[in-house]
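Residue-level listing of the chains:
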Amino acid sequence: MSTVGRPATARTRRVASVVVALTTTALAVGVLQGLGRADHRSPPAPPVPSAAVVFNGTDNAFVQLLIPMNEGALALFEHLDARAVGIDPDLIALTKRLRATHRAELRELRSLLAAGDLAEENVHEGHQMPGMVTALRLVELRAAPVAETTALATTLLRAHLAQTLLLCQGQQRSGHSPPLQALTARMHRDRTAELAELDALVGALSTAADG
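Take the overall build of the protein next. Along the backbone of the protein there are six helices and zero strands. Out of the 211 residues in the protein, the part that is buried amounts to 44%. If you sum the accessible surface of the protein, you get close to 10200 Å²; carbon and sulfur atoms cover 60% of it.

Moving on: the packing of helix 3 (residues 89-115) against helix 6 (residues 178-210). Orientation of helix 3 relative to helix 6, taken along the N-to-C sense of each, is 170 degrees, at an axis distance of 12 Å. The angle between helix 3 and helix 6 falls in the class roughly antiparallel. Mapping the contact onto sequence places Asp90, Leu91, Leu94, Arg97, Leu98, Thr101, His102, Glu105, Glu108, Leu109 and Leu112 in helix 3 and Pro179, Leu180, Leu183, Arg186, Met187, Asp190, Arg191, Glu194, Glu197, Leu198 and Leu201 in helix 6. Residue composition of the contact of helix 3 with helix 6, by class: 11 nonpolar, two polar and nine charged.

Once that is clear, we can look at the packing of helix 5 (residues 146-174) against helix 6. It is at 9 Å that the axes of helix 5 and helix 6 come closest, and there the two elements cross at 150 degrees. When the axes of helix 5 and helix 6 are compared, the pair comes out roughly antiparallel. The handedness of the crossing between helix 5 and helix 6 comes out as left-handed. Split into classes, the residues belonging to the contact of helix 5 with helix 6 amount to 12 nonpolar, 11 polar and four charged.

So, on to unusual backbone geometry. Of note in the backbone geometry, Asp117 takes a positive phi value of approximately 55 degrees without being a glycine. Its location among the elements puts Asp117 in the loop between helix 3 and helix 4 (135-143).

Another aspect to go through is the environment of Arg83. You can see Arg83 is positioned in the loop between helix 2 (57-82) and helix 3. Spatially, the C-alpha atom of Arg83 lies 8.8 Å from that of Val146, the residues being 63 residues apart in sequence. With near-sequence residues (within four places) excluded, Arg83 lies in contact with Leu141, Arg142, Ala144, Pro145, Val146 and Thr149. At 2.5 Å, the side chain of Arg83 and the backbone oxygen of Ala144 are in polar contact.

Now for the environment of Glu105. For Glu105, the position within the fold is in helix 3. Glu105 gets classed as buried once you look at its relative accessible area, which sits at 4%. Spatially, the C-alpha atom of Glu105 lies 9.6 Å from that of Thr184, the residues being 79 residues apart in sequence. Excluding residues within four positions of it along the chain, Glu105 makes contact with Asn70, Met187, Asp190 and Arg191.

Across the protein, pLDDT averages 81, with 74% of residues at or above 70. When the criterion is pLDDT under 50, residues 1-8 qualifies, and its contacts beyond four places in sequence or with other chains add up to 11 contacts. Segment residues 24-47 is flagged for pLDDT under 50; beyond a separation of four residues in sequence, or across chains, it makes 39 contacts in the model.

Throughout the structure, instances matching the rule amount to nine salt bridges. Between Arg110 and Glu71 there is a salt bridge; the shortest N-O distance is 2.5 Å. Residue Arg110 is found in helix 3, and its partner Glu71 is found in helix 2; the two are separated by 39 residues along the sequence. A network of salt bridges, in which partner residues are shared, links Glu71, Arg110 and Glu120.

Now for the environment of Gly86. Looking at the secondary structure, you find Gly86 in the loop between helix 2 and helix 3. Looking at Gly86, the relative accessible area reads 52%, which means it is exposed. Each C-alpha atom, one on Gly86 and one on Ala147, is 6.8 Å from the other, the two residues being 61 residues apart in sequence. Once residues within four sequence positions are removed from consideration, Gly86 is found in contact with Val146 and Thr150.

This part covers the nonpolar core. Considering soluble globular proteins, one finds that nonpolar side chains tend to be buried as a cluster. Within the largest apolar cluster, 42 residues are counted, with the highest numbers of intra-cluster contacts made by Phe62, Val63, Leu76, Leu91, Leu109, Leu157 and Leu180. Looking at this core, the elements that each hand over two or more residues are helix 2, helix 3, helix 4, helix 5 and helix 6. Looking at this core, the element that brings in the most residues is helix 2, giving 11 residues.

So, how was this worked out
- Residues numbered from 1 in each chain as written.
- Predicted model: local features only at pLDDT ≥ 70, side-chain atom pairs only at ≥ 80, totals over all residues.
- Heavy atoms only, no water.
- Helix = DSSP H or I, 4+ residues; strand = E, 2+ residues; numbered from the N terminus.
- Buried < 20%, exposed > 50% of the residue type's maximum accessible area, 1.4 Å probe, protein only.
- Areas by Shrake-Rupley, 256 points an atom, 1.4 Å probe, with all protein chains shown as cover.
- Axes fitted to C-alpha atoms, helices over the stretch in contact; angles between N-to-C directions.
- Parallel < 35°, antiparallel > 145°, perpendicular 65-115°, else oblique.
- Contact = heavy atoms within 4.5 Å.
- Nonpolar A, V, L, I, M, F, W, Y, C, P; charged D, E, K, R; others polar.
- Left-handed = near helix turned anticlockwise from the far one by under 90°.
- Polar contact = N/O pair within 3.5 Å; in protein donor to acceptor, adjacent residues only side chain to side chain.
- pLDDT = per-residue confidence, 0-100.
- Salt bridge = Lys/Arg side-chain N within 4 Å of Asp/Glu carboxyl O.
- Core = buried A, V, L, I, M, F, W, Y, C linked by side-chain atoms within 4.5 Å.

Next comes the structure, spelled out in structure tokens:
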């Protein structure tokens, strides 16, 4: 639910302050600290909770941040699909797979908000949050020469995946909701594998360029 054009509510201000704390905590953790490089395959998504979900401030801030983060990533994937000529085909293939997981995560995040009787509040609109593919970053990507698009896109994608990992770690440490913690644990496994695949792709591209 957009908050543009309306004064910030007390809840919105509280969510925004917890988001800042969660993001700051995440940035203090090493991006790759303790992350495995195995190919972890996630189990099927759990059913939508039938009972009410209780969030603490960290839980709510995490969900309110991850929704626009995933939406931004999906906009990046769609842009790369539309501009596929000149972009590395392995990157296109990776983003096609990521699209499905990101859409599924959005459905789960919104279902958890509904089960907690919480409104969706985009308290980040207009902010250049770490790891978020914003409208400004997409404008810069669209204006880039074709030869630079793959490198710029992989940089944006890597920042998104790495920041999501850190935010998942923060929710695991300070969150309260068991169903959300189950989701963030799965997201952490997925992002670890996705980041490893992206890094391998970037390494292969660098080797090919040097050769």
